[in-house]
Amino acid sequence: MLGSEEAQLRIGFVGLGTMGGPMCRRLVAAGYRVTVYDLSEDALHLAAEAGAVAGESARQCAQNADFFLTSLPAPHNVDAVMAGPEGALAAMKSDSVWVDLTTNRREVVLELAAAAPEGVAVVDAPVTGAVDGARRGELTLFAGGDPEPVAEAREILSHLGTVLECGPLGTGNVVKLVTNQLWFVAAAALGEGLAVGVANGVELRTLWEAICNSVGDSFAARHDAPSIFAGHYDPSFSLELCLKDLGLIAELEASVGTDLPMTAAAHSAFNRAAHLYGSEAAELCVARRIADDAGVCLQLDGDWTPHWEA
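Residues numbered from 1 in each chain as written. Predicted model: local features only at pLDDT ≥ 70, side-chain atom pairs only at ≥ 80, totals over all residues. Heavy atoms only, no water.

## Examining the state of the cysteines
Disulfide: a covalent bond connecting the sulfur atoms of a pair of cysteines.
So, step 1. All chains considered together, the criterion is met by zero disulfides.
So, step 2. No disulfide involves C61; its sulfur sits 9.3 Å from the nearest other cysteine sulfur, which is in C24.
So, step 3. Overall, C61 belongs to the buried group, its relative accessible area being 4%. (Disulfide = S-S within 2.5 Å. Buried < 20%, exposed > 50% of the residue type's maximum accessible area, 1.4 Å probe, protein only.)

What follows is the structure, encoded as structure tokens:
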């Protein structure tokens, strides 16, 4: 638990969804005073049950916070909460720090930081590690910003997982999007590999064990394959959010100056899945589409506890 000095820190937290909810609850469990806001009454109720104080608005959460954290679905949500004279950013007090945990557009973070009140520092710290990582405090947070506010935020963020300092403000989101870029390629490729093996007579469990104990191993193979086997395809993250991130990655590609065929193929694969199953469908429907088209079964009997319950 925290010492008396740390316990006096006031944290505002906006965005209590799939990732934000468990992150907020970890901060409450660590002993911080956390005031929260979300459009969902159910999410607010869960946070209050855990010991947070329900705020009336994002702006109210920001007003007296020493650290103000946002975990929102997309750049436009961050802009809606933070921007303008009535936004949460304008309400923040001098010597406070806004930490954006959203997978965001770098330019949005930089533009908002330029409009921040005097004495308010900004850190972008998007996270990776899925819902189970958020629940257990085992996320990786990619922090971008000036060294002093990053160091100040580290003590709080360390309750959520491992903090990696990425460089100036905005680089946290670049790093996060690169890691997602590689995951999208791996997830689409995993579906293809499983389909090829099964279509050619290999038992699915044997194939999976071989992948996990070979050069074909990946986070997607170990963490995500069970969601394919269970047939729910991981509804904790939607195809719509995958395509949002792929769109942000496409914006970064312009700086590379050449084509990126693997990334383009992954983008196409997720688009095809969303067209077939709807944008709200689970993220690993990118593998379901391959199995359905090929007429192979990628479901496997077993105790596949959903990772958000593990």
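So much for the structure itself; the text now carries on.
## A word on the pattern of salt bridges
So, step 1. Taken as a whole and assessed by the stated rule, the structure comprises twelve salt bridges.
So, step 2. With its nearest N and O atoms 3.8 Å apart, the salt bridge here joins D66 to R10. With D66 in the loop between helix 4 (58–63) and strand 4 (67–70) and R10 in strand 1 (residues 10–14), the pair connects residues that are 56 residues apart, well separated along the chain.
So, step 3. For D66, a relative accessible area of 15% corresponds to the buried category.
So, step 4. Across the pair E138 and R136 runs a salt bridge whose closest N-O atoms are separated by 3.1 Å.
So, step 5. Because the salt bridges share partners, they merge into one network encompassing R10, D66 and K93. (Salt bridge = Lys/Arg side-chain N within 4 Å of Asp/Glu carboxyl O. Helix = DSSP H or I, 4+ residues; strand = E, 2+ residues; numbered from the N terminus.)

## Here's the deal with helix 11 (residues 204–212)
So, step 1. For helix 11, the complete set of buried residues consists of L204, L207, W208, I211 and C212. On an axial view of helix 11, the arc spanned by its buried residues comes to 130 degrees, and they lie on one face.
So, step 2. Its side-chain oxygen 3.0 Å from the backbone nitrogen of R205, E203 forms the N-cap of helix 11. (Arc of directions from axis to C-beta. Polar contact = N/O pair within 3.5 Å; in protein donor to acceptor, adjacent residues only side chain to side chain.)

## Let's talk about the side chain of D132
So, step 1. Among the structural elements, D132 can be located in helix 8 (residues 130–136).
So, step 2. For D132, a relative accessible area of 7% translates into the label buried.
So, step 3. Each residue touching D132, except ones within four places of it in the same chain, is listed here: H223 and H307. (Contact = heavy atoms within 4.5 Å.)

## Quick look at helix 10 (residues 171–199)
So, step 1. With 29 residues, helix 10 extends 42 Å from end C-alpha to end C-alpha; this agrees with the ideal 42 Å at 1.5 Å per step.
So, step 2. Looking one or two places after helix 10, you find G201, whose phi comes out positive at around 90 degrees. (Expected span 1.5 Å × (residues − 1).)

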